[in-house]
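What follows is the residue order along each chain.
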Amino acid sequence: MNTDSPFRYRNASLFVEDVDLAAIARDHGTPAYVYSRAGIEAAFASFVRASRDRDVLVCYALKANSNLAIVELLARAGAGFDIVSAGELQRVVVAGGEPSKVVFSGVGKSEAEMQLALDAGVRCFNVESESELLRLDRVAGQRKRRAPVSLRVNPDVDAGTHPYISTGLRENKFGIAHDDALSVYRRAAALPNLEVVGIDCHIGSQITSIEPYLAAADKVLELVDALHAEGIALRHIDFGGGLGIRYRDEDPPSAQALLDALFGRLDRHPRGRSYQVLFEFGRSIVGNAGVLLTRVEYIKRNGERRFAIVDAAMNDLMRPALSDAYHGVLPLRQRDDMKAQHFDVVGPVCESGDWLARDRSLAIDEGDLLAIASAGAYGMAMASNYNTRPRAVELLVDGSRAHVIRERESVESLFALERRLP
Ligand code: LLP
């Protein structure tokens with residue numbers, strides 16, 4: 001746990017801000033996602049501080065955690081938003097965010113989504129292919145609007161992260177190849193219903209060093225120059241998201257270190273100060289501000305392995321099953337009446353891939369409560385109802401109070417949209 005984490009032990013009990021997590025488990029049951037308002041606000045504020053006197057818009061990537069209360073919190077803090085669907089746009093609007101601060105990313109925008117985003121007045125479409133460009137021009141023409149566009153260029157940079165979350169290499173489905181970008185920009189500039197406003201890139205997620213960002217920035221600035229030479233003027237440069245967090249022992253750069261390095265690059269560029277700078281951070285804003293509370297149902301031994309079977313599962317937090325991700329496991333009460341043993345922490349779902357943590361040294365018994373750490377990003381957002389498991393309740397802690405921000409699903413709600421045989 002980081003020293004500035006809102007999750008801390010007080011007299012052997014794990015607290016978030018001023019709330020005992022065991023009290024939340026008692027009052028609301030498990031599994032439960034618990035977020036810290038102060039944690040989210042502090043993470044966002046670190047980007048604002050790091051922006052110094054620059055013209056910067058930090059767009060929160062909703063996909064990391066799109067709960068309305070969290071979107072509202074960030075909207076109030078002045079965030080912009082990075083969305084990838086009409087649904088996410090509707091969340092921003094309902095939560096009081098400004099569409100004029102929204103960038104619309106994603107490789108597969110439908111016509112209906114384009115219409116909705118044009119009517120709402122989003123700041124920019126991050127376009128990922130020539131076909132998408134042509135479709136956007138046509139849809140904008142039908143709506144009698146000009147669509148603001150940025151091209152997502154694929155800088156062919158290795159973000160040095162897990163293959164599932166690395167997006168900036170030539171072989172990925174994302175973005176427009178760096179070598180093709182210039183010709184696609186020319187095309188965009190010539191289309192009547194488009195307005196070229198920016199350039200963007202996003203090279204991956206959970207990036208723990210500055211170098212790949214700088215390599216991508218250099219590639220992007222090369223293109224900016226080539227465009228400038230052709231009279232295609234841009235207003236903004238969007239460096240994407242992807243800044244990593246500490247799950248285990250990673251040592252990612254701070255917001256300040258990353259932004260300073262990028263601004264350093266821009267300062268050496270002749271027009272570097274004239275562009276607004278956008279970012280699309282998700283994980284680094286919410287990841288370490290949330291945990292998943294779960295209870296140990298059974299302790300079981302199979303041969304040499306010892307299992308703690310808990311009431312949360314891969315449907316609640318699929319990152320370990322999906323990409324072998326590491327999440328810390330923190331008992332809500334530190335026990336001194338038993339010695340630690342090695343456990344695999346697994347869920348009740350009928351899949352061998354249903355595990356949350358492997359080979360952890362823990363002093364725990366049946367009935368004990370655990371917090372699965374760093375679960376604020378891509379936790380609830382990727383949860384499913386596999387095995388007809390209702391999704392967990394979500395709470396936001398603010399000082400000494402805990403607010404339910406999403407009720408636990410009921411089983412009835414899971415089949416409310418299904419129909420019996422006619
Ligand atoms: N912008 C774009 C275009 C993206 O594709 C993403 C994430 C972001 C911004 C935000 O990236 P962040 O700052 O959160 O790293 N489910 C995976 C992560 C998938 C990330 C997808 N794209 C996981 O659990 O690790």
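Sequence order as written defines the numbering, with residues in each chain counted from 1. Confidence filtering applies because this is a predicted model: local features only for residues at pLDDT of at least 70, side-chain atom pairs given and counted only at 80 or more, and all residues used for totals across whole chains, interfaces and linings. Only hydrogens and water are removed before side-chain values are computed, so all heavy atoms of the structure are retained for them.

Colleague: Would you mind showing me how to read the sheet that holds strand β1 (residues 7–10) here?
Modeller: Backbone-to-backbone hydrogen bonds pair the strands of a sheet. The strands run either parallel or antiparallel. Strand pairing is defined by DSSP finding a minimum of two bridges between the two strands. Here a strand is any run of E in DSSP of at least two residues, a helix any run of H or I of at least four, and the numbering for each starts at the N terminus. With respect to topology, three strands assemble into an open sheet ordered β1-β2-β3, the strand pairing being antiparallel. If you trace the sheet from one side to the other, it starts and ends with β1 and β3 (19–20), each paired once. Bridge count for β1 against strand β2 (residues 13–16) is four bridges, and the pairing is antiparallel. Paired with Arg8 across the strands is Phe15, a residue of β2.

Colleague: How should the packing of aromatic side chains be read in this particular structure?
Modeller: Each aromatic ring pair is described using two quantities: the centre-to-centre distance and the angle formed by the ring planes. Whether two aromatic rings pair depends on their centres lying within 6.5 Å, for rings of Phe, Tyr and Trp, where Trp uses its six-membered ring; planes under 30 degrees apart make the pair stacked, over 60 edge-to-face, and the rest tilted. This structure, assessed with the given rule, holds five aromatic pairs. Look at Phe47 and Phe281: their rings are 4.4 Å apart centre to centre, the planes differ by 15°, and that puts the pair in the stacked class. Taken as a pair, Phe47 in helix α2 (residues 37–50) and Phe281 in the loop between β13 (276–279) and α10 (283–286) lie far apart in primary sequence, 234 residues in all. Summarising the burial analysis for this pair, Phe47 and Phe281 share the class buried. Geometrically, the ring pair formed by Phe279 and Phe281 is stacked, given 5.2 Å between the ring centres and 15° between the ring planes. Phe279 gets classed as buried once you look at its relative accessible area, which sits at 0%. Only protein chains enter the accessibility calculation, which uses a 1.4 Å probe; a residue is then buried when its area is under 20% of its type maximum, exposed when over 50%, and partly exposed in between.

Colleague: Quick question: what am I supposed to make of helix α6 (residues 130–142) here?
Modeller: Quick reminder: α-helices carry 3.6 residues per turn. Residues three or four places apart thus point the same way. For a helix, the expected span equals 1.5 Å multiplied by the residue count minus one. Over its 13 residues, α6 extends 19 Å from the first C-alpha to the last, a length consistent with the 18 Å expected when each residue adds 1.5 Å. For α6, the full list of buried residues reads Glu132, Leu133, Leu136, Asp137, Val139 and Ala140. The contact definition used throughout considers only heavy atoms, calling two residues in contact when any of these lie within 4.5 Å. Residues of α6 that are buried in the fold lie against α5 (111–120), β8 (124–127), β9 (147–154), α7 (178–190) and β11 (194–200). Downstream of α6 by one or two residues, Lys144 has phi in the positive range, about 55°.

Colleague: Would you mind going over unusual backbone geometry with me for this structure?
Modeller: A negative phi holds for most residues other than glycine; trans holds for most peptide bonds. Backbone torsion omega between Thr30 and Pro31 reads -5°, so that peptide bond is classified as cis. Inspection of the secondary structure puts Pro31 in the loop between α1 (21–28) and β4 (32–36). The backbone phi angle of Lys144 is positive, close to 55°, even though this residue is not glycine. Mapped onto the elements, Lys144 comes out in the loop between α6 and β9. Among the residues examined, Lys144 registers a relative accessible area of 74% and is labelled exposed.

Colleague: In this structure, what is going on with the side chain of Ser205? I would like to understand it.
Modeller: By the secondary structure assignment, Ser205 is in the loop between β11 and α8 (211–229). When its relative accessible area of 10% is taken as the criterion, Ser205 is described as buried. Polar contacts, as used here, are pairs of N or O atoms within 3.5 Å; protein pairs need one atom able to donate a hydrogen and one able to accept it. Residues neighboring in sequence count only if both atoms are side-chain atoms. A distance of 2.7 Å separates a polar atom in the side chain of Ser205 from a polar atom in the side chain of Arg283.

Colleague: I keep staring at the environment of Phe239 and nothing clicks. Help me out?
Modeller: Mapped onto the fold, Phe239 is located in the loop between β12 (236–238) and α9 (255–267). Taking the C-alpha atoms as reference, Phe239 lies 5.5 Å from Cys201; in sequence the two are 38 residues apart. The residues contacting Phe239, other than those within four sequence positions of it, are Cys201, Tyr213, Ala217, Leu262, Leu266, Val277, Leu278 and Phe279.

Colleague: What is the right way to look at the nonpolar core in this model?
Modeller: What tends to happen in soluble globular proteins is that the nonpolar side chains get buried as a cluster. Membership of the largest hydrophobic core comes to 102 residues, with the highest contact counts inside it found for Ile40, Phe81, Phe125 and Ile285. Of the residues forming this core, the biggest block, nine residues, is contributed by α8. Not counting the four nearest positions on each side in its chain, Ile40 is found in contact with Tyr35, Ile70, Leu73, Leu74, Ile285, Val286, Ala289 and Leu396. One finds Ala22, Val291, Leu293 and Leu369 within the second-largest nonpolar core, a separate group that totals 20 residues. What makes a nonpolar core is a set of buried Ala, Val, Leu, Ile, Met, Phe, Trp, Tyr and Cys residues whose side-chain atoms join them at distances within 4.5 Å.

Colleague: How should the site of the ligand be read in this particular structure?
Modeller: The full set close to the ligand counts 16 residues, and Ser205, Glu280, Arg283, Arg319 and Tyr378 are the nearest of them. Within the side chain of Glu280, an N or O atom sits 2.7 Å from a nitrogen atom of the ligand. Within the contact set of the ligand, an oxygen atom lies 2.8 Å away from a backbone nitrogen or oxygen of Arg283. A total of 590 Å² of accessible area belongs to the ligand in isolation, and the protein chains cover 90% of it. For the shell around the ligand, the residue count by class is five nonpolar, five polar and six charged. Here, proximity means that at least one heavy atom of the residue falls within 4 Å of the molecule or strand. Shrake-Rupley sampling with a 1.4 Å probe provides the accessible areas, and residues are treated as covered by the protein chains on show and by no other component. As a working rule, the residues Ala, Val, Leu, Ile, Met, Phe, Trp, Tyr, Cys and Pro are called nonpolar, Asp, Glu, Lys and Arg charged, and the rest polar, with Gly in that last group.

Colleague: Explain the pairing of strand β17 (residues 341–346) to me, please; I cannot follow it from the model alone.
Modeller: Side-chain direction in a regular strand flips from residue to residue, so the side chains alternate between the two faces of the sheet. Bridge analysis of strand β15 (residues 305–310) against β17 gives three bridges, and the strand direction is parallel. Directly across from Ala308, in β17, lies its bridge partner Val345.

Colleague: Explain the packing of α6 against α7 to me, please; I cannot follow it from the model alone.
Modeller: Angle between the axes and distance between the axes: these two values describe a pair of packed helices. Relative orientation of the contacting elements α6 and α7 amounts to 5°, with a least axis distance of 11 Å. Taken together, the axis directions place α6 and α7 in an arrangement best described as roughly parallel. Contacts from Glu130, Leu133 and Leu134 of α6 reach α7 at Val184, Arg187 and Ala188. Within the contact of α6 with α7, the residues separate by chemical class into four nonpolar, no polar and two charged. Every axis corresponds to a line fitted to the C-alpha atoms, with the helix fit spanning only the stretch in contact, and the corresponding angles, defined between N-to-C directions, vary from 0 to 180 degrees. Working definition: roughly parallel below 35 degrees, roughly antiparallel above 145 degrees, roughly perpendicular at 65 to 115 degrees, and oblique for all remaining angles.

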